[in-house]
Amino acid sequence: MTADHHDDDHGHSHEHESAHRHPPRADLDDTLTYYRAMEIALRELLIDKGVFTADDVRKQVEDMDRRNPAQGARVVAKAWVDPEYRKLLLHDGGEACVVAGLDRGPYKLVVVENTPDTYNVIVCTLCSCYPRWLLGLPPDWYKSRAYRSRVVREPRAVLREFGTEIPDDVAVRVHDSTADMRYLVLPQRPAGTEGWSEDRLAGLVSRDAMIGVSLPRRP
Amino acid sequence: MARAEAVEPRFQPGDRVAVRIAYPPGHVRTPYYVRGKAGVVERLCGVYGNPEELAYARPGLPRQPLYRVRFRQGDVWPDYGGRAGDTIDIEIFQHWLEPSP
């Protein structure tokens, strides 16, 4: 825009600017799909019957939104600095969560460790099982049919699309979370982080590194 | 829980097992892509309610041992394009497994 814009004779009146005669853009949040209508109907029925209150629902949503990958990063960083804790985490993930001051979680936690020979990646081909108490809500791609069907069949190609190239001499282990376990990848501690505190290390542990589609951030 | 309400585990880590080839209707948590494939028991995860029953609001009894079974990718996908050492671990309930030579 030039300084002499208002001197231009282009018929752009202020009356037009304030009138907004163009059609309003439709809101994207008012699409009442079949399942959305079902959810609202069921929720209102349960509230009417006194099974729970609207505030209970709101609290649950708030609780769910409060969880995020920082919880998972905490246990990973702790395992990086404390060999005894690492052993516990690999042996009994739920107990290790409690020791770290977190929820045990509603499911058994299986932690799979990346080593110089082995790289792990998690999927739930049947739905979207995910350790929500440690990572929060799963990303949309984790729930997509493309990720779920492809990562079991061509994991190296999918990882490459995430920017993660696994050398030929490293075995790729896919874990399909089909039933009552939930999974977390314990990535390898990045080189060049000697002497770092747990908090500082936790800052390198991304959500995607704990799902196994990426490596931790570099220091 | 009474003993009769849970099935005793019949496999141990290291046992070779094959997934039954079956296509029952309803809610099943054994992926199609692994039916008929052979692998090795990685661990016993515990004993859990049968999801094929729980899905219909039934009690899920008897509870079934749940294993993690490790398959070689080359055994699951004949045209697998990765490396020979690549594997996939899947949770499978005991009633879907049989011993494999």
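Because the structure is predicted, anything quoted here is derived from the model rather than measured.

A.B. asks: What exactly am I supposed to notice about the overall build of chain B here?
C.D. replies: What chain B contains, in helices and strands, is 2 helices and 5 strands. Along the chain direction, N to C, the helices and strands of chain B fall in the order β-β-α-β-α-β-β. In terms of overall dimensions, chain B has C-alpha extents of about 45 × 30 × 20 Å along its principal axes. The proportion of buried residues among the 101 residues of chain B is 32%. Put simply, 61% of the contacts in chain B that link residues at least 6 apart link residues at least 24 apart.

A.B. asks: Before we go on, may I ask you to explain the domain arrangement of chain A in this structure?
C.D. replies: Quite often, the size of an interface is put as the accessible area lost when its parts meet. Looking at chain A, the domain boundaries give domain 1 (34-65) and domain 2 (68-211). Of note, the centres of domain 1 of chain A and domain 2 of chain A, computed from C-alpha atoms alone, are 31 Å apart.

A.B. asks: What exactly am I supposed to notice about the environment of Leu66 of chain B here?
C.D. replies: Mapped onto the elements, Leu66 of chain B comes out in strand β3 (residues 64-72). A residue is classified by how many C-beta atoms lie within 10 Å of it, and Leu66 of chain B, with 25 of them, is buried. It is 15 Å that separates the C-alpha atoms of Leu66 of chain B and Arg16 of chain B, two residues lying 50 residues apart in sequence. Residues in contact with Leu66 of chain B, not counting those within four places in the same chain, are Ala179 and Asp180 of chain A together with Cys45, Gly46, Tyr48, Glu91 and Phe93 of chain B.

A.B. asks: In this structure, what is going on with the interface of chain A and chain B? I would like to understand it.
C.D. replies: Taken together, the contacts link 19 residues of chain A with 20 residues of chain B. Secondary-structure elements contributing two or more residues to the side of chain A that touches chain B are α10 (155-161) and β3 (171-176) of chain A. With 6 residues, β3 of chain A is the largest single contributor of residues to the side of chain A that touches chain B. Across the side of chain A that touches chain B, the residue classes tally to 8 nonpolar, 3 polar and 8 charged. Pairing between β3 of chain A and strand β4 (residues 87-93) of chain B: 4 bridges, direction parallel. Bridge pairing links Val174 of chain A to Ile88 of chain B in β4 of chain B.

Scoring rules and cut-offs
- Residues numbered from 1 in each chain as written.
- Chains lettered and ligands numbered in written order.
- Predicted model: local features only at pLDDT ≥ 70, side-chain atom pairs only at ≥ 80, totals over all residues.
- Helix = DSSP H or I, 4+ residues; strand = E, 2+ residues; numbered from the N terminus.
- Buried ≥ 20, exposed ≤ 12 C-beta atoms within 10 Å, placed from the backbone.
- Contact = placed C-beta atoms within 7 Å.
- Domains from an automatic or database assignment.
- Nonpolar A, V, L, I, M, F, W, Y, C, P; charged D, E, K, R; others polar.
- Pairing = 2+ DSSP bridges.

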